[in-house]
Amino acid sequence: MLKTFKQIALFLWCLPQNILGLIVLTFAKFQRAKTQRYEEVFVTHWKYSSGCSLGCFVFIPKYADEKTLRHEYGHYLDGNCLGPLFLLVIGIPSFCWAAFFDKYRYKHNISYYSFYTERRADKLGGVIRR
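Residues numbered from 1 in each chain as written. Predicted model: local features only at pLDDT ≥ 70, side-chain atom pairs only at ≥ 80, totals over all residues. Heavy atoms only, no water.

### A closer look at the overall build of the protein chain
Part 1 of the reasoning: Check the secondary structure of the protein chain and you find six helices and four strands.
Part 2 of the reasoning: In terms of overall dimensions, the protein chain is globule-like: its C-alpha atoms have a radius of gyration of 15 Å, near the 14 Å expected for 130 residues.
Part 3 of the reasoning: Dimensions of the protein chain, computed from C-alpha atoms along their principal axes, come out at roughly 50 × 30 × 25 Å.
Part 4 of the reasoning: Buried residues in the protein chain amount to 37% of all 130 residues. (Helix = DSSP H or I, 4+ residues; strand = E, 2+ residues; numbered from the N terminus. Rg over C-alpha atoms; globule rule 2.2 N^0.38 Å. Buried < 20%, exposed > 50% of the residue type's maximum accessible area, 1.4 Å probe, protein only.)

Quick look at the structure:
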């Protein structure tokens, strides 16, 4: 009973990203993406080459490795801490870093995982990068 209450409370605390996650999941299912459980999240293996975490919905490439899964799970844990602020503090900056700064990162030899949102996700997910 307590576990169910905690899950409901967490779902509501992270409601903005959970709503977006449900929308993305719907589109992924139309593309025949497969979903499974990992800890407390629903992991969907989709056709895209990047990952995304929206509330309790994690999206990773079809053949993603354990580091990718744990990294996205780290974003999920971050969302649990920040709740409705997650999209502003982590989600949008992370998306922009991934989508718009690839040439900058390449030109200056900067790792994708050096940005604060990605470092946090790695740390929370227990990912060690060498």
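### Overview of a nonpolar patch on the surface
Part 1 of the reasoning: There is a patch of nonpolar side chains on the surface, built from Ile8, Leu12, Leu15, Ile19, Leu20, Ile23, Phe27 and Phe30 and spanning about 800 Å² of accessible area.
Part 2 of the reasoning: Elements represented by at least two residues in the nonpolar patch include exactly α1 (2–13) and α2 (15–30).
Part 3 of the reasoning: Examining the composition of the nonpolar patch, we find that six residues originate from one element, α2, more than from any other.
Part 4 of the reasoning: Structurally, Ile8 can be placed in helix α1. (Patch = residues over 30% accessible without salt bridge, like charges linked within 9 Å, V, L, I, M, F, W, Y side chains within 5 Å. Areas by Shrake-Rupley, 256 points an atom, 1.4 Å probe, with all protein chains shown as cover. Salt bridge = Lys/Arg side-chain N within 4 Å of Asp/Glu carboxyl O.)

### Quick notes on helix α3 (residues 66–82)
Part 1 of the reasoning: Across its 17 residues, α3 extends 24 Å between first and last C-alpha, which sits within 8% of the 24 Å expected from 1.5 Å per residue.
Part 2 of the reasoning: Taken together, the buried positions of α3 are occupied by Leu69, His71, Glu72, Tyr73, Gly74, His75, Tyr76, Asp78, Gly79, Asn80 and Leu82. (Expected span 1.5 Å × (residues − 1).)

### A short note on the layout of surface pockets
Part 1 of the reasoning: Its volume calculated, the largest pocket comes out at about 670 Å³.
Part 2 of the reasoning: At the level of elements, β3 (52–54), α3 and α4 (86–100) are the ones that each hand at least two residues to the lining of the largest pocket.
Part 3 of the reasoning: Looking at the lining of the largest pocket element by element, the count peaks at nine residues for α4.
Part 4 of the reasoning: Roughly 310 Å³ of volume is contained in the second largest pocket.
Part 5 of the reasoning: Every residue lining the second largest pocket is counted, 15 residues in all, and those nearest its centre are Gln7, Leu10, Glu40, Cys56 and Tyr76.
Part 6 of the reasoning: Looking at the lining of the second largest pocket, the elements with two or more residues in it are α1 and α3.
Part 7 of the reasoning: By residue number, the principal contributor to the lining of the second largest pocket is α1, which donates five residues.
Part 8 of the reasoning: The class makeup of the residues in the lining of the second largest pocket is six nonpolar, four polar and five charged. (1 Å grid on protein atoms, 1.4 Å probe; cavity = no way out; pocket = protein on both sides within 12 Å on 5 of 7 lines; lining within 4 Å. Points joined across faces, edges and corners; volume = space filled by probe spheres on them. Nonpolar A, V, L, I, M, F, W, Y, C, P; charged D, E, K, R; others polar.)

### Notes on the pairing of strand β1 (residues 34–38)
Two faces belong to every sheet, and in a regular strand the side chains alternate between them.
Part 1 of the reasoning: Bridging between β1 and strand β2 (residues 41–46) involves five bridges; their strand directions are antiparallel. From the neighbouring strand, Gln36 faces β2, where its bridge partner is Val43.
Part 2 of the reasoning: Linkage of β1 to β2, two consecutive antiparallel strands, is achieved through a turn of two residues, within which Glu39 is found at a positive phi near 55°. (Pairing = 2+ DSSP bridges.)

### Quick look at the sheet that holds β2
Part 1 of the reasoning: Here four strands make up an open sheet; going across it, the order is β1-β2-β4-β3 and the pairing mixed. Sheet topology places β1 and β3 at the edges, where each strand pairs with a single neighbour. Between one strand and the next, the sheet's axes are offset by a mean angle of 25°, whatever the strand orientation.
Part 2 of the reasoning: In this sheet, strand β4 (residues 57–61) lies alongside β2 in parallel orientation, the contact comprising five bridges. Looking at β4, one finds that Trp46 is bridged to Pro61.
Part 3 of the reasoning: Lying over the sheet, α2 contacts β1, β2, β3 and β4, oriented at roughly 45° with respect to β4. (Axes fitted to C-alpha atoms, helices over the stretch in contact; angles between N-to-C directions. Contact = heavy atoms within 4.5 Å.)

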